[in-house]
Amino acid sequence: MGEEGPPKTEMINPALLDGVSANFIVKGPSGVEKAYPMRSITVTIGRSDQCDIAVKDSSMSGKHAEISKINGEIRVKDMGSANGIWLNGERVDDVELYDGDVLRLGQTSIRIDVVGGRKRPDAGMSPKVLAAIIVGVVVLVGGVIGGGLTLKKRAQHKRDLASLASFVAAARESQKSKPCSAAVVEVGNVAKSLSSLGKPSCGSIPRGEDARRAVGGFRELAKTYDRLALSIQQFAAQSSSSAQALSGASEQIADEKIKAAVAEAQDVVEQRTQVTNTYIADWKKLSQATTAYASALDQVFLQGNKGACPAVDRGVQAKTAQEVQVACNKNFDKAKNAVEDKLKELDDIAGGGESAEPAEK
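Residues numbered from 1 in each chain as written. Predicted model: local features only at pLDDT ≥ 70, side-chain atom pairs only at ≥ 80, totals over all residues. Heavy atoms only, no water.

With respect to the helices, strands and loops of the structure, glutamate 66 is situated in strand E5 (residues 65-70). No salt bridge is formed by the buried glutamate 66; its nearest oppositely charged neighbour, lysine 63, is found at 4.1 Å. In this view, glutamate 66 contacts Thr42, Val43, Thr44, Arg75, Val76, Lys77 and Met79; residues no more than four positions away in its chain are not counted. (Helix = DSSP H or I, 4+ residues; strand = E, 2+ residues; numbered from the N terminus. Buried < 20%, exposed > 50% of the residue type's maximum accessible area, 1.4 Å probe, protein only. Lys, Arg positive; Asp, Glu negative; His and termini not counted. Salt bridge = Lys/Arg side-chain N within 4 Å of Asp/Glu carboxyl O. Contact = heavy atoms within 4.5 Å.)

A word on the pairing of strand E6 (residues 73-78). Of the two faces of E6, only the one carrying Ile74, Val76 and Asp78 is buried; Glu73, Arg75 and Lys77 on the other face are not. Bridge count between E5 and E6: six bridges; the pairing is antiparallel. Counted as the bridge partner of isoleucine 67 is valine 76 from E6. Counted between consecutive antiparallel strands, the loop separating E5 from E6 contains two residues, among which asparagine 71 sits at a positive phi close to 50°. Across three bridges, the pairing between E6 and strand E9 (residues 94-96) is antiparallel. By the bridge assignment, valine 76 is partnered in E9 with valine 95. (Pairing = 2+ DSSP bridges.)

A few words now on helix H7 (residues 321-350). The terminal C-alpha atoms of H7 lie 43 Å apart, and with 30 residues this matches the ideal 44 Å at 1.5 Å per residue to within 8%. Residues Ala321, Val324, Gln325, Cys328, Phe332, Ala335, Val339, Lys342, Leu343, Leu346 and Ile349 constitute the buried set of H7. (Expected span 1.5 Å × (residues − 1).)

In this section: the pairing of strand E10 (residues 102-105). Both strand E7 (residues 85-87) and E10 contribute to a ladder of three bridges, which runs antiparallel. Note on E10: the bridge partner recorded for tryptophan 86 is arginine 104. A loop of two residues connects E10 with strand E11 (residues 108-115), the two strands running antiparallel in sequence, and glycine 106 in this loop sits at a positive phi of about 65°.

Let's shift gears to the sheet that holds E7. Across the sheet, six strands lie side by side as E2-E1-E11-E10-E7-E8; this open sheet has antiparallel pairing. Each of the sheet's edge strands pairs with one partner strand only, and the pair in question is strand E2 (33-37) and strand E8 (90-92). Adjacent strand axes in the sheet meet at a mean angle of 30° when their direction is disregarded. Pairing between strand E1 (residues 21-27) and E11: seven bridges, direction antiparallel. Directly across from isoleucine 25, in E11, lies its bridge partner arginine 111. (Axes fitted to C-alpha atoms, helices over the stretch in contact; angles between N-to-C directions.)

This part takes up the state of the cysteines. Scanning all chains against the criterion turns up two disulfides. The residue that forms a disulfide with cysteine 180 is cysteine 328, at a sulfur-sulfur distance of 2.0 Å. Across the disulfide from cysteine 180 to cysteine 328, rotation about the S-S bond amounts to roughly -80°, and the bridge is consequently left-handed. With cysteine 180 in the loop between helix H2 (151-174) and helix H3 (184-197) and cysteine 328 in helix H7, the pair connects residues that are 148 residues apart, well separated along the chain. Judged by its relative accessible area of 5%, cysteine 180 is buried. In this model, cysteine 202 is linked to cysteine 309 through a disulfide, with the two sulfur atoms separated by 2.1 Å. Handedness here is read from the sign of the S-S torsion; for cysteine 202 and cysteine 309, about -105°, the answer is left-handed. Of the two residues, cysteine 202 sits in the loop between H3 and helix H4 (208-250) while cysteine 309 sits in helix H6 (residues 309-314), which places them 107 residues apart along the sequence. (Disulfide = S-S within 2.5 Å.)

This next bit is on the nonpolar core. Grouped together as the largest cluster of nonpolar side chains are 35 residues, with contacts concentrated most on Trp283 and Val300. Where this core is concerned, the elements lending two or more residues are H3, H4, helix H5 (256-302), H6 and H7. Considering each element in turn, this core owes the most residues, 11 residues, to H5. Apart from the residues within four sequence positions on either side, tryptophan 283 is in contact with Ala183, Val187, Tyr225, Leu228, Ala229, Ile232, Ala321, Val324 and Gln325. (Core = buried A, V, L, I, M, F, W, Y, C linked by side-chain atoms within 4.5 Å.)

Dropping the structure here:
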């Protein structure tokens, strides 16, 4: 089965035969590319099979975006998606599309081929990128420019520096995220709950209401851990927009040295993301282990099945809530510092250090 579903319309709307139309080259998370001609005035894109272009991408919304022909223009509009739409590395809501533009929706990229249309006046760059180019021009004017470079190479290098500046800005914005802090208050509440429940043991089996309180208390803790995992997952999904901005900016870079430096920075950012993923996984494991422990307590304390005593005496077989929290704080701080070190290296490049000018051939 392919990455994308088939387009839902087969007949080309006659209105598309007059003036501009478009083709969409869709590349989903698997890396497979598929071309879709614009067959109707409005084309919907999203995860839902009901969309004209349906993409198997979990980071996309059911109905993520809509592309329409309006007054002779091809326009894209965000349909209230969770992770937004990104045009040439910058988040947008409702804009005109030009030939050669690249959209990113979740983990899916869409290259726009506007038939009968024209190139973006600013070569597909956002205002932020253009501002960074101006800064790059000032730096280059103040330095020594190699006489052997062609005008085309200089222009490309300026675009590379601008894209690099955009990448660094987006990466620094993502540094503000604090996933570990999402559970600080709850961890304190968990500690109080565990203190009140004590350490159940087959050596001193409670009866009646005390037994039910112990079983119910651990079952409630398991639910708490599961809710924490879910809330942090939602936090991570919101943060994915920063990753999309990073990817969009890096795709604009042609210089191999700058591209390699950015790739290294992306790897370090991904390692920071993995800390959050591990944090979520640890809460899920703790929830599952606590559920199993509550079942063992139920068997012994309420059902009288002493065969489950070894499981009761072993306790919850997972990291404690406090251990999960400490590990996240330690690993995230380490990963965050590593990202900042890489961004300082990129600052040196963008500010006139290594690769400030492409090598003369």
